[in-house]
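Spelled out from the first residue to the last, the chains are:
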Amino acid sequence: MSQRAKKIDEILDGLSQPEKRVSPKYFYDERGSQLFDAITQLPEYYLTGTEISIMRSNISEIVELVGTQASLIEFGSGSSLKTRILLEHLNELAAYVPVDISEEHLLASARKIGSEFPEIEVLPVVADFTQEFELPKPAVMPLRNIVYFPGSTIGNFTNDTALELLKVMRHEAKENGALLIGVDLQKDPAVIENAYNDSAGVTAAFNVNMLRHLNRDYGADFDLETFSHDARYDPDEGRVVLRLVSAKDQVVRLGDAEIDIAEGEAILTEYSHKYTLEGFAAMAEQAGFRVTKVWTDPERLFSVQYLVAT
Ligand code: AVJ
């Protein structure tokens, strides 16, 4: 079966559930990636700016903890400013290993990083990082592996799958390894809800764009005008739920399949989990990590955490 056929199957499976859903990975076509970049610049979207300022304020302590001659293994393709802050400051890195399923995007950003940091060995790995993968062997023997997972992307994973992912990270960190991770924190629900309901409507456009992506690349025929963005924070579950709500009864085609959608029915497109420091530490402990350092901003909106393998 082709990659495309597999994805169509996966999308259809989600849309055939009693609670319809499509994985948030389908947000990120080219336009979706641009819209996400625009989200990170929004005044309401505190996550990115806060994480970057936490990194900048504490970079010398981060450098100290990581030590010299580490291998930095980023889960994700790593084109972000946060990665560059690390690459600029970490001492004598043995290698930088970005890991991503999308080969095109990964290799393009690895090439770019390689030219910006000619002294660092860049070894991209094309893999689905939710499963264990083989690490490349750098020319310089790493003294420890540092897994890097910025952006609170961990928030996209439900509690079970987040734990599984942390176990994969623990496996790749190996003995003596560590995890450096950005984790968004529970806080005033209004602050969280605003971050996903910006006044410029960029998050709404980002959400609806998923349907445009499914139409163009996977042969769907969603009528974009008939779906509206909905984002609410559920404080009991500690997560934002993003959905697309249908304005009418309709039938949507996807390849050969037909999907009935009722007026008011929603398609779940994303969870964004927010953690307490205690909650995150407890989950990490189950995966074989101990939190040794937490950096936050003065308002305690966001955290960057350093965890060592136990
Ligand atoms: C990239 C998953 C961290 O959950 O805040 C932003 C994605 N969705 N606005 C997040 C997102 C809507 C983002 N993550």
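Residues numbered from 1 in each chain as written. Predicted model: local features only at pLDDT ≥ 70, side-chain atom pairs only at ≥ 80, totals over all residues. Heavy atoms only, no water.

To continue, consider the packing of helix H5 (residues 81–89) against helix H6 (residues 103–116). For the pair H5 and H6, interaxial distance at closest approach is 12 Å and the crossing angle is 35°. Classified by chirality, the crossing of H6 by H5 is right-handed. Between H5, through Thr83, Arg84 and Leu87, and H6, the contact on the second element is made entirely by Lys112, Ile113 and Glu116. Broken down by class, the residue content of the contact of H5 with H6 amounts to two nonpolar, one polar and three charged. (Axes fitted to C-alpha atoms, helices over the stretch in contact; angles between N-to-C directions. Helix = DSSP H or I, 4+ residues; strand = E, 2+ residues; numbered from the N terminus. Left-handed = near helix turned anticlockwise from the far one by under 90°. Contact = heavy atoms within 4.5 Å. Nonpolar A, V, L, I, M, F, W, Y, C, P; charged D, E, K, R; others polar.)

So, on to a negative patch on the surface. Negative charge collects at one region of the surface, where Asp221, Asp223, Glu225, Asp249, Glu258, Asp260 and Glu263 lie side by side. Here glutamate 258 is to be found in strand E9 (residues 257–261). (Patch = residues over 30% accessible without salt bridge, like charges linked within 9 Å, V, L, I, M, F, W, Y side chains within 5 Å. Areas by Shrake-Rupley, 256 points an atom, 1.4 Å probe, with all protein chains shown as cover. Salt bridge = Lys/Arg side-chain N within 4 Å of Asp/Glu carboxyl O. Lys, Arg positive; Asp, Glu negative; His and termini not counted. Charge placed at Lys NZ, Arg CZ, Asp CG, Glu CD.)

Below, the discussion takes up the side chain of aspartate 297. By the element assignment, aspartate 297 lies in the loop between strand E11 (289–296) and strand E12 (302–309). Despite being buried, aspartate 297 has no salt bridge partner; lysine 187 is the closest side chain of opposite charge, sitting 7.6 Å away. At a separation of 2.9 Å, a polar atom in the side chain of aspartate 297 contacts the main-chain amide nitrogen of phenylalanine 302. Those residues within four positions of aspartate 297 in sequence are excluded, and the remaining contacts are Thr50, Ile54 and Phe302. (Buried < 20%, exposed > 50% of the residue type's maximum accessible area, 1.4 Å probe, protein only. Polar contact = N/O pair within 3.5 Å; in protein donor to acceptor, adjacent residues only side chain to side chain.)

Moving on, we come to the side chain of aspartate 29. Summarising the element assignment, aspartate 29 is placed in the loop between helix H1 (3–15) and helix H2 (30–40). Within the local environment of aspartate 29, its side chain forms a polar contact with the side chain of arginine 216, the two groups lying 2.8 Å apart. If we ignore the near neighbours within four places in the chain, the residues touching aspartate 29 are Asn209, His213 and Arg216.

Ranked by size, the top nonpolar core spans 68 residues in total, and within it Leu72, Leu86, Leu180, Tyr196, Leu214 and Phe222 carry the most contacts. Here this core takes seven residues from helix H9 (residues 202–218), the largest share from any one element. When sequence neighbours within four positions are dropped, the list of residues in contact with leucine 86 reads Met55, Ile59, Ile62, Leu72, Tyr148 and Leu180. One finds Val125, Phe129, Phe149 and Ala162 within the second-largest nonpolar core, a separate group that totals 32 residues. (Core = buried A, V, L, I, M, F, W, Y, C linked by side-chain atoms within 4.5 Å.)

Applying the stated rule across the entire model yields twelve salt bridges. Notably, a salt bridge pairs lysine 274 with aspartate 184, separated by 2.8 Å at the nearest N-O pair. You can see lysine 274 sitting in the loop between strand E10 (266–273) and helix H10 (277–286) and its partner aspartate 184 sitting in strand E5 (residues 178–184), a full 90 residues away along the chain. On the basis of relative accessibility, which here comes to 0%, the residue aspartate 184 falls in the buried class. Of the charged contacts, one joins arginine 243 and aspartate 230 as a salt bridge, the two residues approaching to 3.5 Å between their closest N and O atoms. Placement of the pair is arginine 243 in strand E7 (residues 239–246) and aspartate 230 in strand E6 (residues 227–234), with a sequence separation of 13 residues. Counted as one network, the salt bridges with shared partners bring together Asp29, Arg216 and Asp217.

In the neighbourhood of the ligand, 13 residues make up the surrounding shell, with Tyr45, Gly151, Tyr196, Glu270 and Ser272 lying closest. One nitrogen or oxygen atom from the side chain of tyrosine 196 is found 2.5 Å from an oxygen atom belonging to the ligand. Within the side chain of serine 272, a nitrogen or oxygen atom sits 2.6 Å from an oxygen atom of the ligand. Its free accessible area being 360 Å², the ligand has 97% of it covered by the protein chains. (Near = heavy atom within 4 Å.)

With that settled, consider H2. Here H2 has its buried residues at Gly32, Leu35, Ile39 and Thr40. Seen from one end, H2 has its buried residues packed into an arc of 145°, which puts them on one side. Exposed side of H2, more than 90 degrees from the buried face: Glu30 and Gln34 are the residues found there. (Arc of directions from axis to C-beta.)

Turning our attention to the sheet that holds E6. One open sheet holds the three strands; their spatial order is E6-E7-E10, and the pairing between them is antiparallel. Two strands close off the open sheet at either side, each with one partner strand: E6 and E10. Averaged over all neighbouring strand pairs, the angle between strand axes comes to 20°, with direction disregarded. Sheet analysis places E6 next to E7, joined by eight bridges and oriented antiparallel. By the bridge assignment, tyrosine 233 is partnered in E7 with valine 240. (Pairing = 2+ DSSP bridges.)

Strand order across the open sheet formed by seven strands is E3-E2-E1-E4-E5-E12-E11, with mixed pairing between neighbours. Looking at which strands have only one partner, the edges of the open sheet turn out to be strand E3 (125–126) and E11. Alignment of strand E2 (residues 95–100) against E3, held across two bridges, turns out to be parallel. Its bridge partner being in E3, aspartate 100 is matched across the sheet by valine 126.

Before going further, it helps to spend a moment on the pairing of E5. Within a regular strand, the side chains alternate between the two sheet faces. Across the seven residues of E5, seven count as buried, placing the element largely inside the fold. Going residue by residue along E5, you find Ala178, Leu180, Gly182 and Asp184 tucked away on one face and Leu179, Ile181 and Val183 tucked away on the opposite face as well. Bridge count for strand E4 (residues 144–149) against E5 is four bridges, and the pairing is parallel. Across the sheet, the residue bridging to valine 147 is leucine 179, located in E5. Direction of pairing for E5 relative to E12: antiparallel, over a ladder of seven bridges. Along E12, the bridge assignment pairs leucine 179 with leucine 307.

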